[in-house]
Structure formats: structure tokens, C-alpha cells
Amino acid sequence: MKGGSIEGNQANYGGGIDLNASTMYFSGGAIRGNIADTLRIDGNHYSAGGGILVREGSILYMSDGAQILNNRANQIGGGICLGTIHPGPQNTLYMEGGQIDGNAAGAAGGGIFIQTQYENLGDFCKAIISAGRITNNRMDGQGYGNFEFGGGGIYVNGANSGANGQLYLTNALITNNTSQGAGAGFAACPTTLSKFYVNQGVAIYDNHTEMGGRDLYALSSQGYGLHSGKAEYELSLRMLGGVPNHWKTEAGDLLPYDQYKGTLPDGHELSLHTDELGNELTRQWTKVLISGNHSATRGGGIGSNGSQFFGVEGDRDLKVIKRWADPNKTLTYVTVQLKANGVLIEQVDLSEANNWTHTFKGLPTQDSDGQPLHYTVEEIEEEGFEARVEVQPDGSYLITNIPKTKLEIQKGFPVVKLWQDNENALGIRPQGVILRILANGQDTGHVVALTAANKWKATICYDLPSLDDKGNLIEYSLAESPVEGYESEIKGNIHQGFTVTNSLKPKPSETVQPQVKVLPRTGQAGGMAYYALASLGLASVLSIVAYSLYRKR
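Concerning the environment of Asp37
Point 1. Here Asp37 lies in the loop between β6 (35-36) and β7 (39-41).
Point 2. As a C-alpha pair, Asp37 and Gly49 span twelve residues in sequence and 9.5 Å in three-dimensional space.
Point 3. Once residues lying within four places of it in the same chain are set aside, the contact partners of Asp37 are Gln10, Ala11, Asn12, Tyr46, Ser47 and Asn74.
Point 4. Looking at Asp37, its side chain comes within polar contact range of the side chain of Asn74, at 2.7 Å.

Okay, structure coming up:
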């Protein structure tokens, strides 16, 4: 069915359409204002599927612009009923779009009813819902039978002597539903199995009842005949979008994490609500909206005796560690934010109380389309400090706080070369030189080339780490490869920049070294005669010089 409408019809089974061992593709048009009236036979009341009844092994594919509007079943399945009052072959709904709105049931499942298997006869029914709107439906309590977990939007039936009906729900927001009894968002009867997963999961919040557990309720009891038992549940730490559920009891206390999974003891109930309202990802990822539904008993959005699986298995933890580069830290705490695809998921304070460490638990690993999520960790920086975030080999995030007074370096500091060689008078100045960047005296592998073409100036633009593996500040320096004929002097630092001066090396001395005469030992005549001759020669030279000066007067 791609268009048109089916409206104003009446039957006991399938007021608008009765699918009997059939398959229907429903992508457009409307099934509107039909009624499944009650037929009474031998004390039994037969009425199922105000809009569409899916029975005897039938399959319904619903998508796109399909509409099921304002239909009524006096017993079960105001909009769609999977199965009848009696057990039979498995029937299946695949809902990938469309709208189920304004429908009503007298006993269970104002929008959708999913039948169970009784006494191992027949087979259970199931619904796989991945997109669409289930809105403004109601269970009004005017029918026959047990409707204490009525299900304004959806009802999943179950039994302790067979196999539960099954609901698979992904990317759903359950909000603004109401009930006269407990569990306006979701209510689970004793035979239920409820599993919540964070990947493509559900968000349940802002539902309304004056009774307990306005968002989530479960009960274990032996007072419901075939539906008696102990409710089994497994809650996710987070809702669709990754926001923590922070489930609270009726007293307003946070539910301990060790109670997020279990089986309720007989006679016990679990009544929960949350004050959280999701985030931008919750709204972006919502593909199924269950809202505005009402139950005259429990379960305004969803009521269940059966089994439901919300989301897809898989999650992860992410650890954050704070480290201080300044041993004289003055901050008593810092605030760290966790973001997924750039959207805030959660924030936490790190302090001495938690040893400057926190683990974000139960995080989704994928978005609503099954694509991997990208996580980032950011610190709300305090004045005077800079926070550096590094992903460690084990996947944890290390945040290091460093005083800004020590850090205004790392990128974009100048280097200038000066030449003291009388404007290259000797013609030996090279066309370029290579400078090496050292970290604590060790070569980093980074180099800077200064040339005549760049006027012997450059700006170092490497993004250099501030800290070594032990969290100590790194001291950076420069070293120049030897330049023939020149001496090199480097001044400055990485904060202010460097000046490298090259000066000509001094030439070797050209003075003639005097010969050293060995003095003779005492008593050597030859030595005495030598000095006597030397003295006589020196006296003769001095006499000649004096005579010459006298004649020039």
C-alpha cells in the first residue's frame, strides 16, 4: 500500500485490514477510524487489531509515509495487533517509518500489541522498530481481562508457561507519556526480561504519573496467574546520546551501580526516574518517538509482560588522569568535559578526593547509524594554567596542567643569523647554514635552514612538546653545524627567540720564534770566550751607531 485510505470499517478481527498468512508492504496512505468490536463466545471476548491485525504467520513492513490513525480495538491492539487472543504461528512487524497516532485499546496496546506463546502452543510474535512515531495512543481500561500493565503506546505480552512476545527497539526517545498507575514511561510485569544497551539505545525521561516510577517501573509477584514471576532486568548506565541516566529511587537517592542489573525478589518493585533530559545527540539520534501516550493503569509509553531489547550490545570505558607539571599547584580541583563528536556528554571534577583520576563508564561506541564515535577530553582551563591532553597507548587520556608563565613557547619563535666578517671581505661566507633543535641537549631531529635567500632569518614552527615522559619541562636549545673559517655563538631561548652570531676565526701568528741557546755550565771556557766575543761585538755596533748620529748634527 503506497497511498489512499482505508477508513470507517468494523470487524471483530482487523477493523481495517486482516492479514491472514500474508505479507503487506505499507509505505503510504492511511488506515483511519476503523474498529475491532467485541465478539463474545463462551465467556471469551474476541477483539483484536483496530487498524491492522497480523496473524497466522503474517509479516507487516511499515515505512515512509504510512499512517495508522484513530482506530480502536475494544480488547487488544488499537492500531496494530500481532497475533490474536489464541496462540498461533509467529507474526512479525518491521517498522522503519510512518506514524501510529491516536489509536485506542480497551485492554492492552493502544498503539501496538505483541502476543506471547501460551502453554507452548503456537509461537511468540515480535516487533522490530527502528524508525517512526508512536504518539497519542491510549489504553483506556474499558476492555475485559487483566490490563494492569496496559501499554498506551506498545504492549508486549508474556507468560511463564511459554515464550514471551519480543520487542526490539533502537534509537528511541520515550518521553511525555502519562499513566494513572506506576511506570508512565515503561512498566514491566513479573514475567518480563528487559535489557537496555547504550548503543542505538533509548532515552526515557520526562514522563508523568502521580504514582511511583514515573519513567521506569518493574514488579515481581506471584499474584498474576500465567503472568506471575520475577522480573529480570539489565539497565544501561547511559541513555541514547551518551548522557548518564542517573536513575533515582522514589526517595530521590541515586540507584547504586550494583543494582543496575538483577532479578527482583518476589514481592519487590523497582520504581525509578531521572532528572536528565538528554543532549543534542539524543535529539539528533532519535529515530523512534514514543510520546503523548496514556494508560489507565501502568505503562503509558510501553507496558510489558514480555521481553524487550533496547539498543545494540557494546560499550566502552574511558579513563582520565590529571598530572601537574608544577609541584606547587594552587588549584584544589579542575573540571573535565567529555565530548562525543564535539557534543558534551558529561563533565566531572578531578581533585585529591578521587586521586585526580576518573573513568567514564558505559559509553556508546557508535552513533545511531552504527558509525564509530570520536571522543575528546577537554579541561575548563583555570587562569594561569594551560592543560595539555594526550592519548596514552592504553587508550586513557592524560591531562597535564602547566603554568602559562613557563609555556609561552612551543611554536613560532624567531631565529636570526648575524655575520661578523667585514661584509664577507674574504669571500668565504657560505650560502646557507643548518641549525639543529635540541631538547635537554639531545637532538630532536628537527632542523632550521638559514640562507642568504631568507635574509638569514626564520621562524621555528614545529609544535614541540613541553614535557618529557616524567612530566618535567623540556629545555630547548640550538646547535649549529660547523662553518669553516667561523666561530659560532648562540644567545637567547625558546621563549624569546635565538640570535646566532658567526665571527671570523683569528689567523695564526706569523712572528718568528727566537732560537733558544743553551747556557754552558760553570767552568766551561768555551762558554766564557763566546760571551766575551759577543760583548765585544755589541760594543762595536753601539760605537758605530753613536758616531753616525754625531756626524749628522
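So, next bit.
Describing the pattern of salt bridges
Point 1. Counting across every chain of the model gives 16 salt bridges.
Point 2. We note a salt bridge from Asp140 to Arg72, for which the minimum N-O separation is 2.7 Å. Of this pair, Asp140 sits in the loop between β18 (138-139) and β19 (154-156) while Arg72 sits in strand β12 (residues 72-73), and the two are 68 residues apart along the sequence.
Point 3. Under the relative-accessibility criterion, Asp140 is labelled partly exposed at 22%.
Point 4. Residues Lys491 and Glu489 are paired through a salt bridge, measuring 3.8 Å at the closest nitrogen-oxygen approach.
Point 5. Residues joined in a network through salt bridges with shared partners are Arg214, Lys248 and Asp275.

With respect to the pairing of strand β34 (residues 316-324)
Point 1. Taken together, the five bridges between β34 and strand β37 (residues 357-363) define a ladder with antiparallel strand orientation. Bridging from a neighbouring strand, Ile321 pairs with Thr357 of β37.

Describing the packing of aromatic side chains
Point 1. In this structure the tally under the stated criterion is twelve aromatic pairs.
Point 2. Ring centres of Phe149 and Tyr224 lie 6.2 Å apart, and the angle between their planes is 70 degrees; on these two criteria the pair is classed as edge-to-face. Of the two residues, Phe149 sits in the loop between β18 and β19 while Tyr224 sits in the loop between β26 (216-219) and β27 (232-234), which places them 75 residues apart along the sequence.
Point 3. An angle of 80 degrees between the planes, with centres 6.0 Å apart, marks the rings of Phe186 and Phe196 as edge-to-face. Of this pair, Phe186 sits in strand β23 (residues 186-188) while Phe196 sits in strand β24 (residues 193-196), and the two are ten residues apart along the sequence.
Point 4. By relative accessible area, Phe196 is classed as buried at 7%.
Point 5. An aromatic cluster of three or more residues is present, and its members are Tyr25, Tyr61 and Tyr94.
Point 6. In this arrangement the basic side chain of Arg298 is found over the ring face of Phe149, its NZ or CZ atom lying 4.5 Å from the centre.
Point 7. Against the face of Trp419 rests Lys417, its NZ or CZ located 5.3 Å from the ring centre.

Some remarks on the pairing of strand β10 (residues 59-62)
Point 1. Of the two faces of β10, only one is covered, namely that formed by Leu60 and Met62; the face formed by Ile59 and Tyr61 stays uncovered.
Point 2. In the sheet, strand β4 (residues 23-26) pairs with β10 via four bridges, with the strands oriented parallel. When the bridges of β10 are listed, Thr23 appears paired with Ile59.
Point 3. Pairing of β10 with strand β14 (residues 92-101) involves four bridges; the strand directions are parallel. By the bridge assignment, Met62 is partnered in β14 with Met95.

Description of the nonpolar core
Point 1. Counting 48 residues, the largest nonpolar core has Ile52, Ile80, Ile129, Ile154, Leu167 and Leu169 as the members making the most contacts within it.
Point 2. Excluding its chain neighbours within four sequence positions, the residues that come into contact with Ile80 are Ile52, Val54, Leu60, Met62, Ile68, Leu93, Ile100, Gly111, Ile112 and Phe113.
Point 3. Ranked by size, the runner-up nonpolar core spans 31 residues in total, among them Ala203, Leu331, Trp356 and Leu373.

Looking at the sheet that holds strand β2 (residues 10-11)
Picture the strands of a sheet paired through backbone hydrogen bonds; they go either parallel or antiparallel.
Point 1. Here seven strands make up an open sheet; going across it, the order is β2-β6-β12-β15-β18-β31-β22 and the pairing parallel. Each edge of the open sheet is held by one strand with a lone partner, namely β2 and β22 (178-179).
Point 2. The pairing of β22 with strand β31 (residues 294-295) spans two bridges and is classified as parallel. Each bridged residue has a counterpart across the sheet, and for Thr178 the counterpart in β31 is His294.

A closer look at the side chain of Thr38
Point 1. Summarising the element assignment, Thr38 is placed in the loop between β6 and β7.
Point 2. Aside from chain neighbours lying at most four places away, what touches Thr38 is Asn12, His45, Tyr46, Ser47, Asn74 and Gln75.

Let's talk about the sheet that holds strand β45 (residues 476-480)
Point 1. Read from one edge of the open sheet, three strands run β43-β42-β45, paired in antiparallel fashion. Single-partner strands in this sheet number two, and they are β43 (442-451) and β45. On average, each strand axis in the sheet is tilted by 30 degrees relative to the strand beside it, whichever way the strands run.
Point 2. Bridging between strand β42 (residues 432-439) and β43 involves seven bridges; their strand directions are antiparallel. Within β43, the position partnered with Ile434 by the bridge is Ala449.

About the cut-offs
Every chain is numbered independently, its residues counted from 1 as its sequence is written. Totals for whole chains, interfaces and linings use every residue, but because this is a predicted model, local features are given only for residues with pLDDT of at least 70 and side-chain atom pairs only at 80 or more, for both listing and counting. Side-chain descriptors were evaluated using all non-hydrogen atoms of the structure, hydrogens and water having been removed beforehand. Helix numbers and strand numbers start at the N terminus; a helix is a DSSP run of H or I with at least 4 residues, a strand a run of E with at least 2. The contact rule is simple, with two residues in contact once any of their heavy atoms fall within 4.5 Å. Two N or O atoms count as a polar contact when they lie within 3.5 Å, although within protein this holds only if one can serve as hydrogen donor and the other as acceptor, and sequence-adjacent residues are included solely when both atoms are side-chain atoms. Each reported salt bridge corresponds to a side-chain nitrogen of Lys or Arg within 4 Å of a carboxyl oxygen of Asp or Glu. Buried means the residue's accessible area, taken with a 1.4 Å probe over protein chains only, is under 20% of the maximum for its type, while exposed means over 50%, and partly exposed covers the values in between. A pair of strands is considered paired only if DSSP assigns at least 2 bridges between the two. For Phe, Tyr and Trp, where Trp contributes only its six-membered ring, two rings pair if their centres lie within 6.5 Å, and the inter-plane angle classes them as stacked under 30 degrees, edge-to-face over 60, or tilted in between. Charge-over-ring placement is defined geometrically: NZ (Lys) or CZ (Arg) within 6 Å of the ring centre, and within 35 degrees of the ring normal. Here, nonpolar core means buried Ala, Val, Leu, Ile, Met, Phe, Trp, Tyr and Cys residues that are tied together by side-chain atoms lying within 4.5 Å of each other. Each axis is a line fitted through C-alpha atoms, and for a helix only the stretch in contact is used; angles between axes span 0 to 180 degrees, taken between their N-to-C directions.

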